[in-house]
Amino acid sequence: MDTGIITKTNLKAVIEDLMQRGEVVAPVRKDDYVLFASLPSAEAACLDYANSKLSPKGCFFPQAEVLFYYQKEGHKIFEPPNEVKPGYLLGIRPCDARAIALLDPIFDEPRYQDVYYLERRKSKVMIGLACTRPQSTCFCSSTGGSPSDTTGLDMLWQDLGDRYLVRPITDRGRELLAKLPHVEEAAAEDLAKASEQEQAVLAKLPPIFSAEEAFSRLSAAFDDPLWQRIYERCLGCATCAFVCPTCHCFDIQDENRCGQGRRVRLWDSCQFSLFTLHTSGHNPRPCGKERLRQRVMHKFNYFKVNNGQIACVGCGRCIRECPVNMDIRQIVSAYCLR
Amino acid sequence: MNNPYLPKRVRIEKIIDETVGRDIKSFVFSFLDPQDRQSFDYHPGQFAEISIAGAGEIPIGIASSPTEGDTVMFTVKKMGVVTKDLHNSSPGRIVGLRGPYGNGFPMEELKGKHIVIVGGGFAFTTLRALAVYLMGEERRKDYGDITIIYGARTPGDLIYRQELEAWSQRKDLNVHITVDKAEPGWQGKEGFVPAVVKQVAPSAKEAIAIVCGPPIMIKFTIPILFELGFAADKILNSLEMRMKCGLGKCGRCNIGHKYVCKDGPVFTYAELQNMPPEY
């Protein structure tokens, strides 16, 4: 079967089947927002959502994680127990799946493989959920993505109203499709409807700029006086970095209790003044201007030089969550218009 | 899979007070597991992360040459949490070490060239590693003239003093030691490093200059090297930057798209001219 159909009446049974096979991490409603969490029951999965408050990058790169435990005396170290459970990441949006694919070359660099990330990453089959209701802050089409992009996914589901169209992308996805219960073969009208829907959603997201254009314009923008004006509104709170699916900067800290403790890795951000502060007092990025510029340049320019693609997927979280309404689309557009 | 975040255990074999102010010490480490020394395959100009459980990690340039045997030396100034803790150590203490990291000096490219080493203050550590490597008996013939110009504020601030004196006696090295301010009994030069470079005027022909020191020294030394005819791609600098992982992942040591931890810390001046001035 190339493409399958799961009717919504069977959704619970399908998720229950996945839960039998392994851990299912999926969007779950919490207060007035949605977060990715390990499903306690099939009913808890919330597949009727716009996007999660925090990106699902935390499933592979948690906000805080133990690198190892230590005993100070003798510098004895103990690796943490491996608590990674194989299973499924269900309901991830295409923009966020692309973001994970962008993080892979950072953590899976051949010389220094990040075992913590890779263990988690390998443990989950990625089941995406195509975007059918883009939000006002979405701009994936400007960054090289699309509402049904399959990058980083093993399987893509598309909500057709009373049913999901199920498209396997990788061998892992095809294997899973063969095992899933209650899957029917998709009919020609299902495929036609899906394609029509895809076009309609895409039409709602006209590109504001192209990744290429943003990259080349910013190549010459380091000394542009515009940064001075742009940064003045920024509080340097780093909310943008914490909600961003591709931000991956981290800090390493020791937490002590008497003669022992643990070395932990924590999300960090280039928006904080301490981020680059030397012990001598020298700071290569002493002010908000340099720090905001670093974030924009890293995403739209430096990252592409090193990894071939820009590191923004257009999920719009930084725009939605910014306390002073900074809008990265406007910043990049400003340089594209110059 | 090898976990690059786990430090290997090393014992502090020896601690040497380098300066009169006693705030700069050299630490000689030996690996508890000889296999770890084997995999710690380094060359001059690279750095490593010294770990003190409970205090944290610091990236420090390796001050020993790989030709000096199984121990590894670091010269560390007392500055922050980790360095203070390290300075309070006694020989025998076990700490952690992971590395080596960074590109180091381009050892192949230096072969057959005249070498001009210019250092200032306690930034002389990886330059010491380089000098020791180059002047080794089997390798000295691979290089042309070796000129070493090194300065500190006062005679008491010069690190590796005994070695410097021994090097000064050698006929196959041109060693010029200077201090900003002389003291009674000081027999060497008095004057800033850039001025001494100008006075010594090493030829730029078939030569490579390696410059490490405080920013102010570098700022005034580079124009003089240009005057002497050194091209920007024949001048090497080693940069310092705040780091955490040392592996090119934690994201804080970048200058433009270059990461000091993996693309550096050694850059030619020509490379630096093409990088944003964010260091």
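Each chain carries its own residue numbering, running from 1 in the written order of its sequence. Just so you know, chain letters begin at A and ligand numbers begin at 1, following the order they were written in. Per-residue local features are limited, in this predicted model, to residues with pLDDT of at least 70; the limit for side-chain atom pairs, both in listing and counting, is 80 or more; totals at the level of whole chains, interfaces and linings are taken over all residues. For the side-chain quantities, the full set of heavy atoms in the structure was used; hydrogens and water were omitted.

Undergrad: Go over the environment of Leu89(A), please, and point to the residues and values.
TA: Residue and element names in this part refer to chain A. By definition, any uninterrupted DSSP run of H or I lasting at least four residues is a helix, any uninterrupted run of E lasting at least two residues is a strand, and each is numbered from the N terminus. Inspection of the secondary structure puts Leu-89 in strand S6 (residues 87–92). Leu-89 gets classed as buried once you look at its relative accessible area, which sits at 1%. When the C-alpha positions of Leu-89 and Ser-280 are compared, they lie 45 Å apart, and in sequence the two are 191 residues distant. Among all residues touching Leu-89, those that are not within four sequence positions of it are Val-25, Phe-36, Cys-59, Phe-60, Lys-124, Val-125, Met-126 and Ile-127. We call a residue buried when its accessible area falls under 20% of the maximum for its residue type, exposed when it is over 50%, and partly exposed in between, using a 1.4 Å probe and counting protein chains only. In this analysis, two residues are considered to be in contact whenever any of their non-hydrogen atoms come within 4.5 Å of each other.

Undergrad: With reference to specific residues and values, describe the confidence of the model for chain B.
TA: A residue's pLDDT is the confidence the predictor assigns to it, expressed on a 0 to 100 scale. In this model, chain B carries a mean pLDDT of 95, and residues with pLDDT of at least 70 account for 100%. Two numbers describe this predicted complex: its pTM, 0.94, and its ipTM, 0.92.

Undergrad: Let's hear about the domain arrangement of chain B: which residues, and what values?
TA: In many reports, interface size means the accessible area that the parts give up when they come together. Residues and elements named next belong to chain B. Examined at the domain level, chain B breaks down into domain 1 (8–101) and domain 2 (107–238). The domain boundaries here were taken from an automatic or database domain assignment. Its C-alpha centre places domain 1 at a distance of 24 Å from the equivalent point of domain 2. Taken residue by residue, the interface counts 20 residues in domain 1 and 15 residues in domain 2. With both sides pooled, the region where domain 1 packs onto domain 2 buries about 1300 Å², and carbon together with sulfur makes up 68% of that total. One speaks of a salt bridge when a side-chain nitrogen belonging to Lys or Arg is within 4 Å of a carboxyl oxygen belonging to Asp or Glu. Taken together, the connections running from domain 1 to domain 2 amount to one salt bridge. Listed by contribution, the elements that provide at least two residues to the side of domain 1 that touches domain 2 are strand S2 (24–31) and strand S5 (72–77). The greatest single-element share of the side of domain 1 that touches domain 2, amounting to three residues, is contributed by S5. Three classes are used: nonpolar for Ala, Val, Leu, Ile, Met, Phe, Trp, Tyr, Cys and Pro, charged for Asp, Glu, Lys and Arg, and polar for all others, with Gly counted as polar. Looking at the side of domain 1 that touches domain 2, its residues break down into seven nonpolar, ten polar and three charged. Two parts placed together each lose some accessible area under a 1.4 Å probe, and adding up what both lose gives the buried area.

Undergrad: Tell me about the side chain of Asp154(A), and name the residues and values.
TA: Residue and element names in this part refer to chain A. The topology assignment puts Asp-154 in the loop between strand S7 (124–129) and strand S8 (155–159). Among the polar contacts listed, one links the side chain of Asp-154 to the side chain of Thr-170, at a separation of 2.8 Å. Ignoring sequence-local partners within four residues, the contact set of Asp-154 consists of Lys-124, Val-125, Met-126, Pro-168, Ile-169, Thr-170, Arg-172 and Gly-173. Side-chain atoms alone can form a polar contact between residues adjacent in sequence; in general such a contact is a pair of N or O atoms within 3.5 Å, and within protein one must be able to donate a hydrogen while the other accepts it.

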